[in-house]
Amino acid sequence: MSTEHNKQIAREFFERLDRRDIDGAVAMLSEDATYWIAGRRETIPSAGTQTKPQIARIFRLMDEQIEGGLRLRVTGAIAEGDQVALQMESHGRLRNGRVYENSYHIHVTVRDERIAAIREYLDTQHVFDVWFRREGAAH
């Protein structure tokens, strides 16, 4: 499989999430896929390594909390072999009124036309502040 094809698979996964097609995105993952998210579980419950069913649940929970869904935009992509690196941005307004805008580096491993692993690096302080900080809590 070409590096261009691998980049297209990685882009398509996040394009499906952008369209709120969670089932379609999850279908692109291999059965043994892992999705790792930067952060500490003590402060960000979604941090760490997730299985395919676990990440599907997280995507659905996020979608329920964001008015109109999370907008995702790939701003750059490079690939070598089965490895793809994406630069991305997101934007969404949570039902509690907070705005979530983050920047990401995503490392995707493609195997046999499916995504076998994703590693997501993002601003974990912003995740905590928008998703998990209680109202009135000091920084």
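Anything mentioned here points back to the structure above.
Residues numbered from 1 in each chain as written. Predicted model: local features only at pLDDT ≥ 70, side-chain atom pairs only at ≥ 80, totals over all residues. Heavy atoms only, no water.

What the protein contains, in helices and strands, is 4 helices and 6 strands. Listed N to C, the secondary structure of the protein is α-α-β-β-α-β-β-β-β-α in terms of helices and strands. Counting only C-alpha atoms, the protein reaches 50 × 30 × 25 Å along its principal axes. By sequence separation, contacts in the protein at least 24 residues apart represent 51% of the contacts at least 6 residues apart. Carbon together with sulfur atoms contributes 48% to the accessible area of the protein, which is approximately 7700 Å² in total. Between the centroid of the 20 positive side chains of the protein and the centroid of its 22 negative side chains there is a distance of 4 Å. (Helix = DSSP H or I, 4+ residues; strand = E, 2+ residues; numbered from the N terminus. Contact = heavy atoms within 4.5 Å. Areas by Shrake-Rupley, 256 points an atom, 1.4 Å probe, with all protein chains shown as cover. Lys, Arg positive; Asp, Glu negative; His and termini not counted. Charge placed at Lys NZ, Arg CZ, Asp CG, Glu CD.)

Here the focus is the environment of R111. In this fold, R111 is placed in strand β5 (residues 99-111). Sequence separation between R111 and Q83 is 28 residues; the distance between their C-alpha atoms is 9.3 Å. Among residues more than four places away in sequence, those in contact with R111 are S30, D32 and A116. Side-chain polar atoms of R111 contact the side chain of S30, separated by 3.5 Å. (Polar contact = N/O pair within 3.5 Å; in protein donor to acceptor, adjacent residues only side chain to side chain.)

The subject of this paragraph is the nonpolar core. Judged by nonpolar contacts, the single largest core of 39 residues is most densely connected at F13, F14, L86, V108 and I118. Excluding its chain neighbours within four sequence positions, the residues that come into contact with L86 are A10, R11, F14, V74, G76, A77, Y104, H105, I106 and V108. (Core = buried A, V, L, I, M, F, W, Y, C linked by side-chain atoms within 4.5 Å. Buried < 20%, exposed > 50% of the residue type's maximum accessible area, 1.4 Å probe, protein only.)

A few words on the packing of aromatic side chains. The geometry of an aromatic ring pair is captured by two quantities: the separation of the ring centres and the angle between the planes. Scanning all chains against the criterion turns up 5 aromatic pairs. Ring centres 4.9 Å apart and planes at 85° place the aromatic pair F13 and F14 in the edge-to-face group. Note on accessibility: F13 and F14 belong to one class, buried. Measuring from centroid to centroid gives 5.8 Å for Y100 and W131, while their planes differ by 75°, and the two rings are edge-to-face. (Phe/Tyr/Trp six-rings, centres within 6.5 Å; stacked < 30°, edge-to-face > 60°.)

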